[in-house]
Amino acid sequence: RPHRRDGWRMGERGVLVGAGDAEGFSRGLMRLIEDEPLRRELGARGRQFVEQFYSKDRLLADIKSLYREMSVDGVSARSAGARRREIGASSSSPHGL
């Protein structure tokens, strides 16, 4: 099955056509107009995908996780920098290194 890097597969959640392919777009659109069961199935799959990966709760959880990760990494980096400065201040190097 043809697919794109972002996970779209032909017929899974929509009709995929190449950029600038007006004829392919027209064929895909006519297929959807004429095939109600296909239209409903693709619509249901698309909705399920969006609810699974782009729901408000999922996005908020992802943002919270990102902030938590950045906070932990930031604290670790600041702590390591402070320790380097403390060690440097006690050394005999004129540059504190």
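Here, every reference points to the structure presented above.
Residues numbered from 1 in each chain as written. Predicted model: local features only at pLDDT ≥ 70, side-chain atom pairs only at ≥ 80, totals over all residues. Heavy atoms only, no water.

S.K.: Which parts of the structure should I look at to understand the pattern of salt bridges?
M.R.: Opposite charge on two side chains permits pairing when their charged atoms draw close. Applying the stated criterion across every chain yields a total of five salt bridges. A salt bridge links Arg 47 to Glu 51, with the shortest nitrogen-to-oxygen separation between them at 3.0 Å. Residue Arg 47 and its partner Glu 51 are located together in helix H2 (residues 36-54), separated by four residues, close to a single helical turn. Using a relative accessible area of 57% as the deciding quantity, one classes Arg 47 as exposed. Classification of Glu 51 as partly exposed rests on a relative accessible area of 46%. The partner of Asp 62 in a salt bridge is Arg 58, and the shortest N-O contact between them spans 3.3 Å. Placement of both Asp 62 and Arg 58 in helix H3 (residues 56-90) is noted, with a separation of four residues, approximately one turn of the helix. A residue is classified by how much of its surface remains accessible, and Asp 62, at 36% relative accessible area, is partly exposed. Assessed through its relative accessible area of 32%, Arg 58 is described here as partly exposed. (Salt bridge = Lys/Arg side-chain N within 4 Å of Asp/Glu carboxyl O. Helix = DSSP H or I, 4+ residues; strand = E, 2+ residues; numbered from the N terminus. Buried < 20%, exposed > 50% of the residue type's maximum accessible area, 1.4 Å probe, protein only.)

S.K.: Could you clarify how one ought to interpret the environment of Leu 29 in this entry?
M.R.: With respect to the helices, strands and loops of the structure, Leu 29 is situated in helix H1 (residues 22-34). Taking relative accessible area as the criterion, Leu 29 reaches 40% and is therefore assigned partly exposed.

S.K.: When you look at H2 in this model, what are you seeing that I'm missing?
M.R.: For H2, which comprises 19 residues, the first-to-last C-alpha distance of 26 Å matches the rise-based estimate of 27 Å (1.5 Å per residue) to within 8%. Listed as buried for H2 are Leu 38, Leu 42 and Gly 46. Projected onto a plane normal to the axis of H2, the buried residues spread over an arc of 60° and lie on a single side. Facing away from the buried side of H2 by more than 90 degrees, the exposed set consists of Pro 37, Arg 40, Arg 47 and Gln 48. Packed against the buried residues of H2 are H1. Two or three places before Leu 38, at the start of H2, stands the capping residue Asp 35, its side-chain oxygen 3.1 Å from that residue's backbone nitrogen. (Expected span 1.5 Å × (residues − 1). Arc of directions from axis to C-beta. Contact = heavy atoms within 4.5 Å. Polar contact = N/O pair within 3.5 Å; in protein donor to acceptor, adjacent residues only side chain to side chain.)

S.K.: Sorry, what's going on with the packing of aromatic side chains here?
M.R.: Aromatic rings in a pair are described by how distant their centres are and how their planes are angled relative to each other. Counted by the stated rule, this structure contains two aromatic pairs. Three or more aromatic residues joined by ring pairs make a cluster, and in this case those are Phe 49, Phe 53 and Tyr 54. The ring centre of Phe 49 lies 3.8 Å from the NZ or CZ of Arg 13, which sits over that ring. (Phe/Tyr/Trp six-rings, centres within 6.5 Å; stacked < 30°, edge-to-face > 60°. Lys NZ or Arg CZ within 6 Å of the ring centre and 35° of its normal.)

Function cannot be inferred from these measures alone, as they are strictly geometric.
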